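# A look at the structure
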Amino acid sequence: MPTASPHTLLLCLLVLAATESWGQETAIPGCHMHPFNVTVRSDRQGTCQGSHVAQACVGHCESSAFPSRYSVLVASGYRHNITSVSQCCTISSLKKVKVQLQCVGNRREELEIFTARACQCDMCRLSRY
């Protein structure tokens with residue numbers, strides 16, 4: 001049976017290590033700011049309008065589910081047999097930005113909108129915005 005050279009073995013190990021780390025990189029939770037274009041209108045007719053690049057929070061955070069502890073089972077009357085723990089990618093801080101609106105008749109207006117200043121993995125909850 002032929003034996004591989006030490007150089008070939010080293011190259012195979014490096015390729016395996018590199019591809020393994022790529023897989024782990026994609027599995028690491030992350031919550032990041034992501035730019036998106038917003039068109040703002042002053043009214044339904046679009047009398048004044050403008051656009052701005054705002055920041056959203058996108059990504060994924062950790063979650064897990066496991067059998068509940070005995071004390072949880074007893075306290076729930078044996079109905080809560082799975083415990084879930086999860087976090088969601090949320091806006092942790094907002095900032096106001098000014099959007100210049102172009103109006104009919106070459107008139108200009110200014111409007112303030114909110115955009116994300118920072119993002120983080122946090123408790124999942126209904127939107128409060």
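Going by the structure above, here's the rest.
To keep things clear, this report deals only with the structure shown in the data block. Sequence order as written defines residue numbering, which begins from 1 separately in each chain. Local features in this predicted model are restricted to residues whose pLDDT is 70 or higher, and side-chain atom pairs enter the listing and the counts only when it is 80 or higher, whereas totals over whole chains, interfaces and linings include all residues. Derived side-chain values reflect all non-hydrogen atoms in the structure, with water molecules and hydrogen atoms excluded from consideration.

Once that is clear, we can look at the state of the cysteines. Criterion for a disulfide: a pair of cysteine sulfur atoms within 2.5 Å. Applying the stated rule across the entire model yields 5 disulfides. For cysteine 31, the disulfide goes to cysteine 89, at an S-S distance of 2.1 Å. Handedness here is read from the sign of the S-S torsion; for cysteine 31 and cysteine 89, about 80 degrees, the answer is right-handed. Of this pair, cysteine 31 sits in strand β1 (residues 30-41) while cysteine 89 sits in strand β4 (residues 82-103), and the two are 58 residues apart along the sequence. Exposure class is identical for cysteine 31 and cysteine 89. Each is buried. A sulfur-sulfur distance of 2.0 Å marks the disulfide that ties cysteine 48 to cysteine 103. Residues cysteine 48 and cysteine 103 share a disulfide whose torsion about the S-S bond is about 110 degrees; that sign makes it right-handed. Within this pair, whereas cysteine 48 is found in strand β2 (residues 48-60), its partner cysteine 103 is found in strand β4, the two being separated by 55 residues in sequence. Comment: elements are numbered from the N terminus, with helices defined as DSSP H or I runs of at least four residues and strands as E runs of at least two. Exposure classes here rest on a 1.4 Å probe applied to the protein chains alone. A residue is buried below 20% of its type maximum, exposed above 50%, and partly exposed in between.

Within this document, salt bridges are pairs made up of a side-chain nitrogen of Lys or Arg and a carboxyl oxygen of Asp or Glu, the two lying within 4 Å of each other. If you walk through the whole model with that rule in mind, you get 4 salt bridges. Measuring nitrogen to oxygen at the nearest pair gives 3.7 Å for the salt bridge that ties glutamate 110 to lysine 98. Highlighted residues: glutamate 110 in strand β5 (residues 108-123) and lysine 98 in strand β4, separated in sequence by 12 residues. We classify glutamate 110 as partly exposed; its relative accessible area is 44%. A salt bridge links arginine 107 to glutamate 109; the nearest nitrogen and oxygen atoms lie 2.6 Å apart. Taking the relative accessible area as the measure of exposure, glutamate 109 reaches 30% and is therefore partly exposed.

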